[in-house]
Protein chains: 2
Amino acid sequence: MLKDRRNPAPASAQPLPPFPLYRLVGGGLDLACGGEIRHVHKNTDIIIAGRHYQALFVNHGGWLFRYKILHNGDRQIMDFILPGQIFGLQACLFKTALYSVAAATDVLLSSVSLEAIDRVFEDNPPLARALFWSAACESAIIAEHLIDTARRSAYERVSHFLLELLVRLKATGVVEGMSFEMPLTQELIGGALGLTTVHVNRTLRALREDGLIAIEGRRVTILDFEALSLICDFDSSYLGEAARTLRGEMAPSGPAAQPRRHIRSAVPPSRLI
Amino acid sequence: MLKDRRNPAPASAQPLPPFPLYRLVGGGLDLACGGEIRHVHKNTDIIIAGRHYQALFVNHGGWLFRYKILHNGDRQIMDFILPGQIFGLQACLFKTALYSVAAATDVLLSSVSLEAIDRVFEDNPPLARALFWSAACESAIIAEHLIDTARRSAYERVSHFLLELLVRLKATGVVEGMSFEMPLTQELIGGALGLTTVHVNRTLRALREDGLIAIEGRRVTILDFEALSLICDFDSSYLGEAARTLRGEMAPSGPAAQPRRHIRSAVPPSRLI
DNA sequence: CGCCTAATTGAACCCGGTCAACCTTAGTGG
DNA sequence: CCACTAAGGTTGACCGGGTTCAATTAGGCG
């Protein structure tokens, strides 16, 4: 479809759009949505690796995740798709989708048929730019996940994971203070972090016992943002523009808490080159 | 500068360019290079995380790598930048570069100043498309590295790593048969795969003893492409278009060799959902 | 021929996986 | 109202792949 009613706002050379297309719908750019919003049930696959796709999806509510099944049956989750985010871009670009996308919760979706992605670059520069920025941020998120699994201990990984969720959800406006709803099973968390359910459980307990987080039901509360950030050297800049404005508001100061537990090594900063 | 002499070639809606911009220079698109080619010595940083950049770089020869140093001193290598590849795009997009880029060998570079990346989308759709496709492929490579570190054993990781290099280098034309020069120390390999030097060494030895690869000096020879592919379920499709044309030519057939050694599990394909 | 970097190899240790049991919660139907 | 069920959370015991520490050997180069 692509109704091509451009953004009413000046198509000037304003800085890149705020977040990876989060809140893009109804916000700055209007993606000229296909219209009707579809309801999709939990555990349904939206995109299946190996098939070809010609449309993007907009997530209007609920959580999804991008994943891949290996030949040994393991499932690696690349990242989670939060409300307001688009997905399915990669599936369009490659002849065949590299990864599957499934709903972690019940989800509200609309699709945006991009007849030929090619055209976008000639016809709709603002959209092209938005897509590009979106892809860059997603790429950065995955890169950070790479660091997670390659360099961080389980304790650090889970810390990093929760902080990332906090900051990303903050951008969608569903964070109250320092707590948010996390509709994920420990199996999904483990699937994303390269850990087993058992160990995710143990690690969450450790974080709780250390007074860094609190969990009641599905609600997670970050009790000590600074300490957690130190533990896993979390730097939200990889999450894009929007994150930057949050920094001040998030860090409640407090003396640099000493990270404890199996931190992989305590090499002094001098080794930082 | 951006001399803005557009691509003389038709700006038609031809399919996406072949590879992540590999061989882009002198090939299809002319990036309007800044001109002079700079020689950079091994171990020099080209891009430094935290600084801001306004230009892309083209690698005309030699290997580089994108990396990040963690607070504990660990260095994670995100990916290697091979001859013909461009880099520094992400550094331009974000206010400040997320990762550093250093030369693994002596390197020949030219830079492409893109005064404002913004402009590209309005002014030069073909370039925009090329950049986009490049970013998508790089993202896919990193995603595969994520799977490496999260789900694969050391034996599988190293296998996967070598196969990826083979396929990517094939696209640059420096592969002779099934062998190629790999100017990397085991420390660099470990830095990319999330392993210690020691274990990289042991794993390479195991692969050699199993008759899967051979190493003489810096030259690596893949002795059994099929077996290695099975071990780490390597599927080159994530490397983009170009890879696809290689498949037939690479697999020298041979019965599906049975992967040995500590494969994490030998669940029959039935469990593949 | 020394010097430095990289490659090798050995031995001890430990984080996280594996296996297995048990508990909690929510939903369902009689 | 409660028994029954299934999915997810929790915990313990043990094991092993990969790290760590440390020492030795090869390779390139002035």
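**Some remarks on the pairing of strand S5 (residues 75–81) of chain B**
All names here are of chain B.
- Of all seven residues making up S5, six are buried, and the element is well covered by its neighbours.
- Looking at chain direction, strand S4 (residues 64–69) and S5 are connected through six bridges and run antiparallel. Counted as the bridge partner of Tyr67 is Ile77 from S5.
- The antiparallel hairpin formed by S4 and S5 contains five residues in its connecting segment, where Gly73 sits at a positive phi of about 95°.

**Focus on the interface of chain A and chain B**
- Listed by partner, the interface residues are 62 residues for chain A and 63 residues for chain B.
- Summed over both sides, the interface between chain A and chain B buries roughly 5900 Å², with carbon and sulfur atoms accounting for 60% of that surface.
- If you sort the residues of chain A by the area they bury against chain B, His71, Phe132 and Arg151 of chain A come out on top, with a joint share of 14%.
- Our count for the contact surface shared by chain A and chain B stands at four salt bridges.
- One can count 19 residue pairs in polar contact (both at pLDDT 80 or more) joining chain A with chain B.
- Of all elements in the fold, only strand S4 (64–69), strand S5 (75–81), helix H1 (89–93), helix H2 (117–123), helix H3 (125–151), helix H5 (186–193), helix H7 (225–231) and helix H8 (241–250) of chain A reach the threshold of two or more residues within the side of chain A that touches chain B.
- In terms of residue count, H3 of chain A provides more of the side of chain A that touches chain B than any other element does, 20 residues in total.
- Along the lines of polarity and charge, the residues of the side of chain A that touches chain B split into 32 nonpolar, 15 polar and 15 charged.

**Here we look at the confidence of the model for chain A**
Residues and elements named next belong to chain A.
- The predicted model of chain A has a mean per-residue pLDDT of 79, with 75% of residues at 70 or higher.
- Note that pLDDT drops below 50 for residues 1–33; the model gives that stretch 70 contacts with residues more than four away or on any other chain.
- When the criterion is pLDDT under 50, residues 242–273 qualifies, and its contacts beyond four places in sequence or with other chains add up to 51 contacts.

**Re the sheet that holds strand S7 (residues 100–103) of chain A**
Residues and elements named next belong to chain A.
- Judged by pairing direction, the sheet is antiparallel, and its four strands sit side by side in the order S2-S7-S4-S5 without closing on themselves. Single-partner strands in this sheet number two, and they are strand S2 (45–47) and S5. Across the sheet, the axes of successive neighbouring strands diverge by a mean angle of 35°, strand direction being ignored.
- Here four bridges tie S4 to S7, and the two strands are oriented antiparallel to one another. In the sheet register, Arg66 faces S7, and the bridge partner there is Val101.

Parameters at a glance
- Residues numbered from 1 in each chain as written.
- Chains lettered and ligands numbered in written order.
- Predicted model: local features only at pLDDT ≥ 70, side-chain atom pairs only at ≥ 80, totals over all residues.
- Heavy atoms only, no water.
- Buried < 20%, exposed > 50% of the residue type's maximum accessible area, 1.4 Å probe, protein only.
- Helix = DSSP H or I, 4+ residues; strand = E, 2+ residues; numbered from the N terminus.
- Pairing = 2+ DSSP bridges.
- Contact = heavy atoms within 4.5 Å.
- Buried area = accessible area lost by both parts, 1.4 Å probe.
- Salt bridge = Lys/Arg side-chain N within 4 Å of Asp/Glu carboxyl O.
- Polar contact = N/O pair within 3.5 Å; in protein donor to acceptor, adjacent residues only side chain to side chain.
- Nonpolar A, V, L, I, M, F, W, Y, C, P; charged D, E, K, R; others polar.
- pLDDT = per-residue confidence, 0-100.
- Axes fitted to C-alpha atoms, helices over the stretch in contact; angles between N-to-C directions.

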